[in-house]
Amino acid sequence: MTSINQTSIWIKNPLAIFAENSDGGVVIKGQKIIELVPLGGSPVSSFDEIYDASDSVVLPGLINTHHHFYQTLTRAYPEALNKELFPWLKSLYKVWAHIQPEMLAVSTELALSELLLSGCTTASDHHYLFPSQLENAIDIQAEEAQKLGMRVVLTRGSMSLGEKDGGLPPQSVVQTKEQILSDSERLIKTYHDSQEGAMTQIALAPCSPFSVTTDLMIETASLAQQYDVRLHTHLAETIDEENFCLEKFGLRTVDYLESVGWLSNRTWLAHGIHFNKEEIKKLGRSGVGICHCPSSNMMLASGICHSLELEEAGSIIGLGVDGSASNDGSNMIAELRQAMYLQRLRYGASKITHQKAYNWATKGSAALLGRNDIGEISIGKQADMALFKLDELRFSGSHDSLAALLLCGAQKSDRVMIAGQWKVVDGKIIGKDESELISRHSGAAKKLRQLANA
């Protein structure tokens, strides 16, 4: 893709930068990085503008690989508090069944805005709720992402196994296999951009083994192969899910995944906690990637992802904030800190460095989405960057600026660039009235609760 705007900018002399040989900054032309400037150097390339980054820590744009935007409407929801996954879901399915199109629009806008302010430039959403009033959910999300100018991988989720057939979700939110596959194909043809620098892509994402049929899993994998798009689902998040698969299919989760043709490098899984050693080897050999969702896993007490064993076996690890009803936030820089600390509980401080957390959220997450044009600051990559200042009380006295962002608990970016365009300046989204957005969103959340309790 070629950017219309070919202005070149030297982001000069950053306080710190998560990139090799670029202590003197980065030169952007159009939507790409064209030069890395070494310490004390000046660009060889010509440039039109200089941005003085001497008080900024520069990161590749952070990439969120698992979310449920609509769940921002049910944060800290009374009936769902202090519950594990299955009872938590059962409490909320009957609420989510009442979501209206305008509610999905504003929840998507809010989730993307929150992510953007935290340094996130690409977000994947897993939307699997399609009650009758919400059949065009992905179209709504695509429109909101386009307005904001964020990169998205919108996954066409699905649920086809309702309560009457032994599944978890109520019948009001499930669809037939035919409806799901037809709409999946329509969305790929309408929105999926496979070119370098793509802003919108589609992936296919049956919700989980306890909410879809085996036939749907098999035929979705076939459709994804036909159109060369990626596959995504929740897997091995809880012991309850493992037990469900054993009772329903006579298989553990990974064996079930293999039986439906999903063990390939086209697939990335959310959570991936309850794998045994053989399953980890099998996933690694197949190139299946895992999105680690630390805050959600802690909130629901699901467990801790075996990240290092999975990486050693050959799987790629990325990060996700997960839905805002199991994380209650959409803050990507804060999620890196959670990932680093939770993984240190399993592996120790020396093995889980701040650099590793940054890699998971950038290069790792990009690879999960099948993208090689984003996720790092290097020549030829898309100019997606997040800049953070260390001018708050929390950072005072810090010495290693890259480490300080995570160790001292950064919450908000100062500037964010996507495809060479500034989207956040001075901690504010350009052209966005946050108070007005909060008012619309909180109003939608109250209305949803009223509908659910009617």
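The rules behind the values
- Residues numbered from 1 in each chain as written.
- Predicted model: local features only at pLDDT ≥ 70, side-chain atom pairs only at ≥ 80, totals over all residues.
- Heavy atoms only, no water.
- Buried < 20%, exposed > 50% of the residue type's maximum accessible area, 1.4 Å probe, protein only.
- Helix = DSSP H or I, 4+ residues; strand = E, 2+ residues; numbered from the N terminus.
- Pairing = 2+ DSSP bridges.
- Phe/Tyr/Trp six-rings, centres within 6.5 Å; stacked < 30°, edge-to-face > 60°.
- Polar contact = N/O pair within 3.5 Å; in protein donor to acceptor, adjacent residues only side chain to side chain.
- Contact = heavy atoms within 4.5 Å.
- pLDDT = per-residue confidence, 0-100.
- Expected span 1.5 Å × (residues − 1).
- Arc of directions from axis to C-beta.
- Axes fitted to C-alpha atoms, helices over the stretch in contact; angles between N-to-C directions.
- Parallel < 35°, antiparallel > 145°, perpendicular 65-115°, else oblique.
- Left-handed = near helix turned anticlockwise from the far one by under 90°.
- Nonpolar A, V, L, I, M, F, W, Y, C, P; charged D, E, K, R; others polar.

## As for the pairing of strand E6 (residues 56–60)
Counting buried residues along E6, five of its five residues qualify, which places the element largely inside the surrounding structure. With burial as the criterion, each face of E6 is covered, one bearing Ser56, Val58 and Pro60 and the other bearing Val57 and Leu59. Two elements, strand E2 (residues 16–17) and E6, share two bridges in a ladder whose sense is parallel. Bridged to isoleucine 17 within E6 is valine 58. Across five bridges, the pairing between E6 and strand E15 (residues 385–389) is antiparallel. Within E15, the residue paired with valine 58 across the bridge is leucine 387.

## Section: the packing of aromatic side chains
Within this structure, the stated rule accounts for 11 aromatic pairs. For the pair tyrosine 93 and tryptophan 96, a centre-to-centre distance of 6.0 Å together with 85° between the ring planes defines the contact as edge-to-face. Note that tyrosine 93 and tryptophan 96 are positioned in helix H1 (residues 85–96) at a spacing of three residues, about one turn of the helix. Every member of this aromatic cluster is reached through a ring pair, and the members are Tyr70, Trp88, Tyr93, Trp96 and Tyr128.

## A few points about the side chain of threonine 233
Here threonine 233 is to be found in strand E11 (residues 231–235). Engagement of the side chain of threonine 233 in a polar contact is seen with the backbone oxygen of cysteine 207, the distance being 3.0 Å. Residues within four places of threonine 233 in sequence aside, it is in contact with His126, Pro206, Cys207, Ser208, Leu257, Trp262, Trp268, Leu269 and Ala270.

## Examining the confidence of the model for the protein
Averaged over all residues, the pLDDT of the protein equals 96, while 99% of them reach at least 70. The spread of mean pLDDT over the elements of the protein runs between helix H6 (residues 239–249), the lowest at 92, and strand E7 (residues 62–64), the highest at 99.

## Overview of helix H4 (residues 177–191)
When the terminal C-alpha atoms of H4 are compared, their 21 Å separation across 15 residues agrees well with the 21 Å that a helix rising 1.5 Å per residue should span. For H4, the complete set of buried residues consists of Ile180, Leu181, Asp183, Ser184, Leu187 and Ile188. Seen along its axis, H4 keeps its buried residues to an arc of 170°; they face one direction. What points out from H4, more than 90 degrees from its buried face, is the exposed set Glu178 and Lys189. Residues of H4 that are buried sit in contact with helix H3 (137–148), strand E9 (151–158), strand E10 (200–206) and helix H5 (214–227).

## With respect to H6
Within H6, the full set of buried residues consists of Glu241, Glu242, Phe244 and Cys245. Angularly, the buried residues of H6 cover 160° about the axis, an arc narrow enough to put them on a single face. Taken from the residues just after H6, glycine 250 is the one with a positive phi, measuring 70°.

## Details of the packing of helix H2 (residues 101–117) against H3
The interhelical angle for the contact between H2 and H3, taken along N-to-C directions, is 40°, at an axis separation of 9 Å. The pairing of H2 with H3 is recorded here as oblique in orientation. Considering the relative orientation of H2 and H3, their crossing is right-handed. Residues Pro101, Leu104, Ala105, Thr108, Glu109, Leu112, Ser113 and Leu116 of H2 lie in contact with H3, whose contacting residues are Ala137, Ile140, Gln141, Glu144, Ala145 and Leu148. Per-class residue counts for the contact of H2 with H3 are nine nonpolar, three polar and two charged.

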